[in-house]
Amino acid sequence: DLMSRMVNDSDMFERLISHAIPDTLVNVLSLIGVSIMLLRMNTTLMLLTLIPVPFIILAMRGYAKIVRPAFVARQQKLGELNATLADNLSGIREIKAFTHEEHESSRIAIYISNYRDSLLRALRLMATFNSVTEFASSLGTIIIVYFGGRLAFGGALQIEDLVAFFMYLEMFYGPVRALTGAWEQIQEALAGAKRVGELLQEPPEVTDKPDAITLPQPVRGDIVLDNVSFSYARSEPVLEGISLTIPAGTVTALVGPTGVGKTTLASLIPRFYDVTGGAITLDGHDLRDIQLQSLRAQVSIVLQDVFLFHGTVRDNILFGRANASEEEMIAAARIANAEEFIERLPQDYDTLIGERGVKLSGGQKQRLSIARAVLKDAPIHILAEATSSADTATEVLIQQALDRLIRGRTTIIIVHRLSTIRNADKIVVLEGRQIAEQGTHAELMARDGIYHRLNEVQNRLEVKQGLMA
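Report follows, based on the coordinates. The shown structure was predicted, so the numbers you read here are calculated from the model rather than taken from an experiment.

All right, on to the overall build of the protein chain then. Each helix and strand in the protein chain was counted, giving 15 helices and ten strands. Its C-alpha radius of gyration of 34 Å places the protein chain more than 25% over the 23 Å reference for a compact globule of 469 residues. Across its three principal directions, the C-alpha atoms of the protein chain cover 120 × 50 × 45 Å. Going through the 469 residues of the protein chain one by one, you find that 42% of them count as buried. Put simply, of all contacts in the protein chain between residues at least 6 apart along the chain, 75% involve residues at least 24 apart. For the protein chain, the accessible surface area stands at approximately 25,200 Å², while carbon and sulfur atoms represent 59% of it. For the protein chain, the separation between the mean place of its 46 positive charges and that of its 54 negative charges on side chains is 3 Å.

See below:
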């Protein structure tokens, strides 16, 4: 729907600028010129010529009130159709896997039918308005024929003057009809402008303060969370009273059951959201006092669900730093253990990988995302389940790449597999919106708390899976 607003609705402006506005200007000037000529030829007939004009103006006003909402509805239905098509094209494998082809085809047909109906309704209203305009113009001609004929037969008007008046009369109503056509285009453009305007007027969730500062390059990476609370709009709090110190260059792991706010907590660091209570500081600066671009330049993120752009391997690695040299790009791929599989691709770094990297395996996509982060060379890293979906051999390669990536940098790791974070400088266990406990692996195991129980459960599961294998 957003794409439909940005493409289809904004396309309406082209018709307004390239057609409606020039046509309006030309026809208004023509109308003024012809009106002056008709007024000079015969004032009485000129006034009679204007009789249909108020009806046309009223029709145009009614058209704006009735037809513009129909155009808005048409654009909404088009947006819904585009959104459904995008879902189906992105999820084509799932549709095939669940044999939902007929179901999805029927669903698309419903959206097409809804769009067709909304389009036909708008066209019917347009046709009705055009008929009213044509009728009013013809009525004006009939009025002049009747009264002009009476004046000519009464001797008050010469026949040749009446013929000339009729010739100019068509030049008068021609621009009037053209203006009503331009009015249709204006209403379509205004309908598109309404939907684009709604998008442009949507306030950003996170903005820069007028006096926001720029951070020095690079930062040290000391992060402090002071009594932080957060809740999404109109929902219960996700985090409450979180106080945590992450010294520069250390590795901090966030663990806990699903849904306790680990990813949300990590998302507060690059200010994807702003805290609703307390404060987070970076090198002593409140994140809300730092320019977003300056802050996010200091943070690299490697997620479990890797997003790669449609393009080449080179394009996706250079997304980390567009002005990097060829040598720097290759070095980043080597550090990420990606070089060996890239060299086996048909055009190595110039190979197209498809939308979202569909032509690559999960492990290959993950290593490309690490290479992208290596090239960015940010002092702060956020890693979210970066090895969870890989097989054992690929996990080793990814883990080696991650170890090189985070060396000497402030790192926040979100994990469920606890065996991967035993060497972390600090492990933070979240439960019930708060920090339940924190410390090193040895300290937490000695406390016999939540972390100890989670470790025992995972160890039993791993043993059971090993026996089953």
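Evaluation of the coordinates by the stated rule reveals 23 salt bridges. Between Asp1 and Arg5 there is a salt bridge; the shortest N-O distance is 3.1 Å. Assessed through its relative accessible area of 14%, Arg5 is described here as buried. Notably, a salt bridge pairs Glu80 with Lys77, separated by 3.9 Å at the nearest N-O pair. Of this pair, Glu80 and Lys77 both sit in helix 3 (residues 52-90), three residues apart, which is roughly one turn of the helix. By relative accessible area, which is 32% here, Glu80 ends up partly exposed.

In this structure, Ile317, Ile342, Ile370, Leu405 and Ile421 are the most contacted members of the largest nonpolar core, which totals 43 residues. Looking at this core, the elements that each hand over two or more residues are strand 3 (251-255), helix 9 (313-318), helix 10 (326-335), helix 11 (339-342), helix 12 (362-376), helix 13 (392-406), strand 9 (426-431) and helix 15 (450-468). Ranked by residue count, the leading element in this core is helix 12, at six residues. Not counting residues up to four positions away in its chain, the partners in contact with Leu405 are Val302, Ile370, Ala373, Val374, His381 and Leu383. The next biggest cluster of nonpolar side chains, apart from the first, holds 31 residues, and it includes Val228, Leu265, Ala384 and Ile412.

Here we come to the sheet that holds strand 7 (residues 380-384). A sheet is described by the order of its strands in space; here six strands give the open sequence 6-7-8-3-9-10, paired in mixed fashion. Edge positions in the open sheet fall to strand 6 (299-302) and strand 10 (434-439), since each of these has one partner strand only. Between one strand axis and the next, the sheet turns through 20° on average, direction left out of account. The sheet contacts of helix 12 involve strand 6 and strand 7, and relative to strand 6 the element is tilted by about 175°.

Next up on the list: the packing of aromatic side chains. In the structure shown here, the tally under the stated rule is six aromatic pairs. Both rings, one in Phe230 and one in Tyr232, keep their centres 4.8 Å apart while their planes meet at 85°; by these two values the pair is edge-to-face. For Tyr232, a relative accessible area of 32% corresponds to the partly exposed category. A residue is classified by how much of its surface remains accessible, and Phe230, at 4% relative accessible area, is buried. Every member of this aromatic cluster is reached through a ring pair, and the members are Phe230, Tyr232 and Tyr273.

Right, let's talk about the side chain of Thr252 for a bit. If you trace the backbone, Thr252 turns up in strand 3. Look past the residues within four positions of Thr252 in its chain and what remains in contact with it is Ile246, Thr411, Ile412, Ile413, Lys426 and Val428.

This brings us to the packing of helix 3 against helix 6 (residues 159-200). With their axes 8 Å apart at the nearest point, helix 3 and helix 6 run at an angle of 35° to one another. As helix 3 runs across helix 6, the sense of the crossing is right-handed. A breakdown of the residues in the contact of helix 3 with helix 6 according to their chemical character gives 14 nonpolar, five polar and six charged.

As a further point, take helix 10. Within helix 10, the full set of buried residues consists of Met329, Ala332 and Ala333. Mapping the buried residues of helix 10 onto a view down its axis gives an arc of 100°, with all of them on the same face. In this structure, the buried residues of helix 10 make contact with helix 9, helix 11 and helix 12. In the segment just after helix 10, Asn337 is the residue with positive phi, at about 55°.

This part is about the sheet that holds strand 4 (residues 277-282). Strand order in the open sheet formed by four strands is 2-1-4-5, with antiparallel pairing between adjacent strands. Every interior strand has two partners, whereas the edge strands, strand 2 (237-246) and strand 5 (285-286), have only one. Judged from the six bridges that link them, strand 1 (residues 223-231) and strand 2 form a sheet pairing that is antiparallel. Bridge assignment links Leu225 to a residue of strand 2, and that residue is Leu244.

The next subject is the packing of helix 10 against helix 12. In a packed pair of helices, the relevant descriptors are the angle between the two axes and the axis-to-axis distance. At a minimum axis separation of 8 Å, helix 10 and helix 12 run at an interaxial angle of 130°. Taken together, the axes of helix 10 and helix 12 are oblique relative to one another. Read as a crossing pair, helix 10 and helix 12 show a hand that is right-handed. Seen from helix 10, the contacting residues are Glu328, Met329, Ala332, Ala333 and Ile335; seen from helix 12, they are Ala371, Val374 and Leu375. Among the residues making up the contact of helix 10 with helix 12, the classes are represented as seven nonpolar, no polar and one charged.

Another point: a nonpolar patch on the surface. On the surface, a nonpolar cluster with roughly 440 Å² of combined accessible area is contributed by Leu2, Met3, Met6 and Val7. In this fold, Met3 is placed in helix 1 (residues 2-41).

Rules used throughout
- Residues numbered from 1 in each chain as written.
- Predicted model: local features only at pLDDT ≥ 70, side-chain atom pairs only at ≥ 80, totals over all residues.
- Heavy atoms only, no water.
- Helix = DSSP H or I, 4+ residues; strand = E, 2+ residues; numbered from the N terminus.
- Rg over C-alpha atoms; globule rule 2.2 N^0.38 Å.
- Buried < 20%, exposed > 50% of the residue type's maximum accessible area, 1.4 Å probe, protein only.
- Contact = heavy atoms within 4.5 Å.
- Areas by Shrake-Rupley, 256 points an atom, 1.4 Å probe, with all protein chains shown as cover.
- Lys, Arg positive; Asp, Glu negative; His and termini not counted.
- Charge placed at Lys NZ, Arg CZ, Asp CG, Glu CD.
- Salt bridge = Lys/Arg side-chain N within 4 Å of Asp/Glu carboxyl O.
- Core = buried A, V, L, I, M, F, W, Y, C linked by side-chain atoms within 4.5 Å.
- Pairing = 2+ DSSP bridges.
- Axes fitted to C-alpha atoms, helices over the stretch in contact; angles between N-to-C directions.
- Phe/Tyr/Trp six-rings, centres within 6.5 Å; stacked < 30°, edge-to-face > 60°.
- Left-handed = near helix turned anticlockwise from the far one by under 90°.
- Nonpolar A, V, L, I, M, F, W, Y, C, P; charged D, E, K, R; others polar.
- Arc of directions from axis to C-beta.
- Parallel < 35°, antiparallel > 145°, perpendicular 65-115°, else oblique.
- Patch = residues over 30% accessible without salt bridge, like charges linked within 9 Å, V, L, I, M, F, W, Y side chains within 5 Å.

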